[in-house]
Amino acid sequence: MIREARAGDWPALWPIIHDVVTEQRTFAYDPAMTEDAARRMWLLAPPARVVVALDGDRVTGTANMYANRPGPGSHVASGSLMVAKEARGTGVGRALTTDMIDWARRSGFAAIQFNAVVDVNVAAVRLYESLGFVTLGTAPGAFRHPDAGDVGLRIMWLDLR
């Protein structure tokens, strides 16, 4: 189940965000990010939207979504998704991405642009492609992966028109 995030969800969100950021495999965020900085970065105010994925009462993932750029770029949505370690590969990422697509359509966005999908994050790339996203380009060597070294960051796009 996907629902809007609530103030009381933060204690369950922080461990997910902390794990993803400190793994340094999928997000170009500072692994030394503090909890306060993470909260400010993730819990965006409306008109942005923040959701949680639930398995019963347990938070298994989260996403935030927003206009990719202000002004002339505000017709394109963007967002970020994070899934708890123990829930990866169970469909949580698909549910969060599908929810984001539905939100972007309802909100009148023309497209969704993911600005920085790590090229070797095969699970995410396959998921996004299965939902119709295409890779517009890759910035070679733009991400320092702990095992694969310098790898590309993809810009992925879903046209909603």
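The structure displayed is predicted, hence computed values, not measured ones. (Residues numbered from 1 in each chain as written. Predicted model: local features only at pLDDT ≥ 70, side-chain atom pairs only at ≥ 80, totals over all residues. Heavy atoms only, no water.)

Q: Is there a simple way to think about the sheet that holds strand β2 (residues 49-55) in this case?
A: In any sheet, the strands associate via hydrogen bonds between backbone groups, in a parallel or an antiparallel arrangement. The strand order across the open sheet formed by 7 strands is β1-β2-β3-β4-β5-β7-β6, and the pairing between neighbours is mixed. Each edge of the open sheet is held by one strand with a lone partner, namely β1 (2-4) and β6 (134-145). In this sheet, neighbouring strand axes are inclined to one another by 25° on average, regardless of whether the strands run parallel or antiparallel. Taken together, the 7 bridges between β2 and strand β3 (residues 58-67) define a ladder with antiparallel strand orientation. Counted as the bridge partner of R49 is M65 from β3. Sheet contacts for helix α4 (residues 122-130): β4 (76-83), β5 (111-118), β6 and β7 (149-159); angle to β7, the most-contacted strand, approximately 15°. (Pairing = 2+ DSSP bridges. Helix = DSSP H or I, 4+ residues; strand = E, 2+ residues; numbered from the N terminus. Axes fitted to C-alpha atoms, helices over the stretch in contact; angles between N-to-C directions. Contact = heavy atoms within 4.5 Å.)

Q: What am I meant to see in the layout of surface pockets here?
A: If a probe the size of a water molecule is rolled over the atoms, the empty space left behind becomes visible. Estimated volume of the largest pocket: approximately 800 Å³. F27, L81, N121, A124 and Y128 are, among the 33 residues lining the largest pocket, the residues nearest its centre. Of all the secondary-structure elements, those providing two or more residues to the lining of the largest pocket are α1 (10-23), β4, α3 (92-106), β5 and α4. The leading source of residues in the lining of the largest pocket is β4, at 6 residues. Across the lining of the largest pocket, the residue classes break down as 20 nonpolar, 10 polar and 3 charged. (1 Å grid on protein atoms, 1.4 Å probe; cavity = no way out; pocket = protein on both sides within 12 Å on 5 of 7 lines; lining within 4 Å. Points joined across faces, edges and corners; volume = space filled by probe spheres on them. Nonpolar A, V, L, I, M, F, W, Y, C, P; charged D, E, K, R; others polar.)

Q: How should the packing of α3 against α4 be read in this particular structure?
A: The angle between the axes and the distance between the axes are what describe a pair of packed helices. Their axes nearest at 11 Å, the elements α3 and α4 cross at an angle of 45°. Considering their axes alone, α3 and α4 lie oblique with respect to each other. Judged by the twist between their axes, the crossing of α3 over α4 is right-handed. Contact residues: α3 offers G93, R94 and T97, while α4 offers L127, Y128 and S130. Residues of the contact of α3 with α4, tallied by class, amount to 2 nonpolar, 3 polar and 1 charged. (Parallel < 35°, antiparallel > 145°, perpendicular 65-115°, else oblique. Left-handed = near helix turned anticlockwise from the far one by under 90°.)

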